[in-house]
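# Descriptive structure summary
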Amino acid sequence: MKKEKIKIFFSYGHDENQEIVHLLADRLKSNSKYDVWIDSDKIKQGNDWRMAIENGIQSCDQFIAFMSEYSMRDKGVCHDELQIGLCVRGVDIKTVLMEDQEKVNPPSIFCHRQWIDMSGWREAKSKGAEVFQNWLNEKYNELLDVLENTESIEFKGDIKYISNKLEISLSDVKLFELMKQNYTPITRLEEKINEWLVEDSAPICVLYGGAGSGKSIFSANQTFINPSNLFVLFCDKKYSADQDCKIIMKQIILKLCIKLPNYRKSVKFILEREEKKKKKNLEQKRKTYSAEELLDKFIIEPLNNSIDGGISTFYMLIDGLDEAGVAAIHFSRLLVSRVNRFPSWIRLLITSRENKDIQSIMIGEQILELNMEDYNGQAIKDMIISFGIENFDTEDISKIEEASEGCAFYAKLLCEDIKNGKVTKEDLKTIPKGIYQYYLNEFNNLFKRECDYWDAKELLNILCIGFYVPQKIIRNIVPNCDEIIAKFNGLVVENRFLLDMKETGFLGEDVVNIHADSWKVIHNSLVDWLTNPSLSGKFCVNSYKGISVVAKYCLDKYKNTSRFDIGENTDFDFEENEEILFVKKKSLSAIS
């Protein structure tokens, strides 16, 4: 039987260091054991390069990051690759230093790793061909030693086994979206989190903040800048699976498995033990676990079995817990009831809007409560200054900050409007106070007459429902939707989302992920405003009408044909394709 090649992903910058990267890639490609994914070979003209990179990372056995000052520049492609790699592979990223560490300034999460140091290649090359070839041979052998380490192969096999047995996979689309945005450090809050980890005994910290206050972008950047962060898990009301406490627990388990090798081995051992019991008892049905069992057996027990002698304190980050709906209450109660069972080196940071149900549970000496408004004031000022708006003084900056009412997202919108000439220095005297008033002004300006809003309202009914709907479906329901979206002037944007078919319950062993294009309103605060009649008045939309029209459309298609085209030049079988079943299932459950 022919042995499969080891797939290696090369992440590197297109600078002078790429000469060494390509020499190493060529050597590896000449070895029949390896298949090297390098962009110059794998991305052809006309390809969706982001999708090609993401697929390359997800399918690789090894990830090698060649770090230089250029490759580690802020918002470069290599940053995107590392972010995806961290989500998919966790600690299992091998790093190669191409220049002095002080010059490279790698993300904090990589600073405590052991490098393959190739920063001396220029000096070796300057000493002549023979010296350079000897140096290259030595470094190539070092790279081979790393690649042939069995831990990386075991990692990929373990993650696949665990995700299949627990019937879960991860989608970090929201993380990627947030990491692409400019982040203004909230320095005081970052310092407070580090202080909590070192000095405070409370195992849980809850960070409350209003819509647009910057909780999620802060959370996303913790994965990159704080070495103590194990992972961030985003709850999103657009994904109904997050409203199942068991799904949240399973996602935590898989993220911990990606980050902690000893924990991963413990979880695999428990699953293998359960599988042996099932075979012994001749059970055919797949074992299902309650949220309580998942927390006790697969999170707390394996964490306590890990050696904690001298280990640093780490924290898990759950962002937007309030968006998990009823699961947030169940999750909060479980967590508080078992908080003393966690090992001392594990903490939990939760972000949430102020929610009476969550706040009534998350109380006591075991909980540290923080509020974004106490920390993001200076960050908002710094963000406003970073826009570099000409002829704006301290007083103008104060007016924007005051109008934002602690909403960083609103301050950003105002600065963009000023840069685009939509708002002038004189307008600052009368700018709306707060994000909701801003939306009201925008809609009044966009829709002067009530009849102008009719078609837009039909579209917004769909965009404000509890799940993303593929563009092809929306276009068939609202034929002039492209024209309407253009009129919204940036308040509705394109969105590529990931449908995780595992959650539908239609799958067996394999996890199937399908990307689809949709639209979304620019921020959840706009959904809040649109769906609250006391805030939006005549512009209020009815998401239940949106659900009904999508459900009717899907069911009509299902009755009339066994095939259904949802776009991207792809036809899907209704009886076999999980994406359509996914939409149908959500539509039916929403109106049942």
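Residues numbered from 1 in each chain as written. Predicted model: local features only at pLDDT ≥ 70, side-chain atom pairs only at ≥ 80, totals over all residues. Heavy atoms only, no water.

## Description of helix α17 (residues 377–386)
The set of residues buried in α17 consists of A379, I380, M383 and I384. All buried residues of α17 fall inside an arc of 140° around its axis, so they share one side. Projecting away from the buried face of α17 at angles above 90 degrees are the exposed residues I385 and S386. Where α17 is buried, its residues meet α18 (394–404) and α19 (408–419). Following α17 by one or two positions, G388 adopts a phi angle in the positive range, close to 60°. (Buried < 20%, exposed > 50% of the residue type's maximum accessible area, 1.4 Å probe, protein only. Helix = DSSP H or I, 4+ residues; strand = E, 2+ residues; numbered from the N terminus. Arc of directions from axis to C-beta. Contact = heavy atoms within 4.5 Å.)

## Focus on the state of the cysteines
Applying the stated criterion across every chain, the model contains zero disulfides. A disulfide-free cysteine, C235 has its sulfur positioned 9.7 Å from the sulfur of C245, the nearest such atom. The class of C235 is buried, set by a relative accessible area of 1%. (Disulfide = S-S within 2.5 Å.)

## A closer look at the sheet that holds strand β10 (residues 367–371)
The strand order β7-β8-β9-β6-β10 describes an open sheet built from five strands, whose pairing is parallel. At either end of the open sheet lies a strand with only one pairing partner, and these are β7 (229–234) and β10. Going across the sheet, the axis of each strand differs from the next one's by a mean of 15°, ignoring polarity. Both strand β8 (residues 314–319) and strand β9 (residues 346–352) contribute to a ladder of five bridges, which runs parallel. Across the sheet, residue I318 finds its bridge partner in β9, namely I350. The strands touched by helix α10 (residues 187–199) within the sheet are β6 (204–208), β8, β9 and β10, with β9 carrying the most contacts at an inclination of about 145°. Here helix α11 (residues 215–225) sits on the sheet and contacts β6, β7, β8 and β9; the angle it forms with β7, its principal contact strand, is near 145°. (Pairing = 2+ DSSP bridges. Axes fitted to C-alpha atoms, helices over the stretch in contact; angles between N-to-C directions.)

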